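As a plain string of letters, each chain reads:
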Amino acid sequence: MSFYGFCHVIFPWLFKLWLRWEVFGTENIPATGPVVIAANHLSLLDPPVLGAAAPRPVHFMAKAELFKPAWFGFIIRKLGVFPVKRGGADREAIKTGLAYLKNNEVLAVFPEGTRSKTGDLGRAGGGAFMMAVKMKATIIPAYIYGTDLKRHPGWPKVRVIFGKPLPYDENGGIARENLEELGARWSKTGGKNSRRRRGKFTGSYIGTFDPQSPVYRGISCQRSKLQGFAGRFSAR
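First, a word on what this report is: a plain description of the structure on this page. (Residues numbered from 1 in each chain as written. Predicted model: local features only at pLDDT ≥ 70, side-chain atom pairs only at ≥ 80, totals over all residues. Heavy atoms only, no water.)

Quick look at the packing of helix α1 (residues 3-19) against helix α2 (residues 46-53)
Here is step 1: Running from amino to carboxyl end, α1 crosses α2 at an angle of 110°, the nearest separation of the two axes being 9 Å. The orientation of α1 with respect to α2, classified from their angle, is roughly perpendicular. Along the contact surface, α1 presents Y4, H8, F11, P12, F15 and L19, while α2 presents P48, V49, G51 and A52.
Here is step 2: Each residue belonging to the contact of α1 with α2 can be placed in one class, and the counts come to 8 nonpolar, 2 polar and no charged. (Axes fitted to C-alpha atoms, helices over the stretch in contact; angles between N-to-C directions. Helix = DSSP H or I, 4+ residues; strand = E, 2+ residues; numbered from the N terminus. Parallel < 35°, antiparallel > 145°, perpendicular 65-115°, else oblique. Contact = heavy atoms within 4.5 Å. Nonpolar A, V, L, I, M, F, W, Y, C, P; charged D, E, K, R; others polar.)

Shown next, in the form of structure tokens:
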């Protein structure tokens, strides 16, 4: 078993105990072919939480500064992470991401480009979708809730939800207008993060659930109305 495979077995148990971690919508991720998972970004916990939730191995871009010291860089490389230099287009990082997609693997991106300081979904940069469009990969929108631990004191409740594939014109090319339009549509799928008050969720939430479905009943939010995502997730 590879180091990634070992962590993919251990991390879910760890996250269930520590973060009361729940995952929904894994059936929306294709079993084969190139896939780009586009998720909101709240904290440094997002990559391991998202990677552990996905049924396929996931590769992530991370700022080059995280690869120091060398021993830590070695570990995260084994977990599918590769460096990207900030402040401009890193051609080497883009080349690496394209190679993974060409090999029919899964790449995760955070279209906002940085962690949200408020918990709300930020503006998506169109460039985040360039590799997906170029390689005609399936784009899976994903929503992460609860990893911003400072805003969720005590015993956090973390959820990862994978949405249905985001449709786009595969023949539209990587023109700036096409990528920005795709980014705008991704932003509309999420809305604002929900906030928990006295055990209930207020605000919009990714996903529209049937109150009678196992998915809805599996979320301990006192049968609150969960709204805010274009489309529906089917029960697991």
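Some points on the nonpolar core
Here is step 1: Ranked by size, the top nonpolar core spans 30 residues in total, and within it W21, I37, V49, L50, V58 and F162 carry the most contacts.
Here is step 2: Breaking this core down by element, the ones donating at least two residues are α1, β2 (35-39), α2, β3 (58-63), β5 (106-109), β6 (138-145) and β7 (159-162).
Here is step 3: Tallying contributions element by element places α2 first for this core, with 4 residues.
Here is step 4: Setting aside residues no more than four positions away along its own chain, I37 makes contact with I29, L50, A54, V58, V106, L107, A108, V109, I140, A142 and F162.
Here is step 5: Formed by 22 residues, the second largest nonpolar core is a distinct cluster that contains A38, L98, M130 and L166. (Core = buried A, V, L, I, M, F, W, Y, C linked by side-chain atoms within 4.5 Å. Buried < 20%, exposed > 50% of the residue type's maximum accessible area, 1.4 Å probe, protein only.)

Description of a nonpolar patch on the surface
Here is step 1: Together, M1, F3, F6, V9, I10, W13, W71, F72, F74 and I75 line one region of the surface with nonpolar side chains, adding up to about 1100 Å² of accessible area.
Here is step 2: Where the nonpolar patch is concerned, the elements lending two or more residues are α1 and α3 (70-78).
Here is step 3: Per-element tally for the nonpolar patch: the top contributor is α1, with 5 residues.
Here is step 4: Residue placement: F3 occurs in helix α1.
Here is step 5: Classification of F3 by relative accessible area gives partly exposed; the value is 38%. (Patch = residues over 30% accessible without salt bridge, like charges linked within 9 Å, V, L, I, M, F, W, Y side chains within 5 Å. Areas by Shrake-Rupley, 256 points an atom, 1.4 Å probe, with all protein chains shown as cover. Salt bridge = Lys/Arg side-chain N within 4 Å of Asp/Glu carboxyl O.)

Here's the deal with α1
Here is step 1: For α1, which comprises 17 residues, the first-to-last C-alpha distance of 22 Å matches the rise-based estimate of 24 Å (1.5 Å per residue) to within 8%.
Here is step 2: The largest bend along α1 measures about 30° and falls at I10, with the proline P12 one to four residues further on.
Here is step 3: Within α1 the residues assigned to the buried category are Y4, C7, P12, F15 and L19.
Here is step 4: Lining the buried residues of α1 we find α2, β3 and α3.
Here is step 5: Just downstream of α1, R20 is the residue with a positive phi angle, here 50°. (Expected span 1.5 Å × (residues − 1). Bend = angle between axes of the 7 residues up to and from the residue.)

Re the packing of aromatic side chains
Here is step 1: Evaluated as defined, the whole model comprises 6 aromatic pairs.
Here is step 2: Ring geometry for F82 versus Y100: centroids 5.7 Å apart, planes at 50°, classification tilted. One end of the pair, F82, is in strand β4 (residues 81-84); the other, Y100, is in helix α4 (residues 91-102), with 18 residues separating them in the sequence.
Here is step 3: Among the aromatic side chains, those forming a connected cluster through ring pairs are F11, F15 and W21.
Here is step 4: Positioned above the aromatic ring of W13, the side-chain terminus of K16 is 5.2 Å from the ring centre. (Phe/Tyr/Trp six-rings, centres within 6.5 Å; stacked < 30°, edge-to-face > 60°. Lys NZ or Arg CZ within 6 Å of the ring centre and 35° of its normal.)

As for unusual backbone geometry
Leaving glycine aside, a negative phi is the common case for residues, and trans is the common case for peptide bonds.
Here is step 1: With omega at 0°, the peptide bond leading from K68 into P69 counts as cis.
Here is step 2: In this structure, R20 is a non-glycine residue whose phi angle is positive, near 50°.
Here is step 3: Checked against the element boundaries, R20 lands in the loop between α1 and β1 (22-24).
Here is step 4: In the Ramachandran plot, N104 falls in the positive-phi region, its phi being about 60° despite a non-glycine side chain.
Here is step 5: Checked against the element boundaries, N104 lands in the loop between α4 and β5.
Here is step 6: For N104, a relative accessible area of 44% gives the class partly exposed.

Looking at the pairing of β3
Regular strands place side chains that alternate from one sheet face to the opposite one.
Here is step 1: Of the strand pairs in this sheet, β3 and β5 are connected by 3 bridges, and their pairing is parallel. Residue pairing for β5: V58 is matched across the bridge by V106.
Here is step 2: Here 4 bridges tie β3 to β4, and the two strands are oriented parallel to one another. The partner of M61 across the bridge, within β4, is F82. (Pairing = 2+ DSSP bridges.)

Quick notes on the sheet that holds β3
Adjacent strands of a sheet pair through backbone hydrogen bonds, lying either parallel or antiparallel.
Here is step 1: With respect to topology, 7 strands assemble into an open sheet ordered β1-β7-β6-β2-β5-β3-β4, the strand pairing being mixed. Taken across any chain shown, the strands that pair with only one partner, and hence form the sheet edges, are β1 and β4. Strand after strand, the sheet turns through a mean of 25° between neighbouring axes, direction not considered.
Here is step 2: Pairing of β2 with β5 involves 4 bridges; the strand directions are parallel. Of the residues in β5, the one forming a bridge with I37 is A108.
Here is step 3: Against the sheet, α2 touches β1, β2, β3, β5, β6 and β7, its axis set at about 55° to β7.

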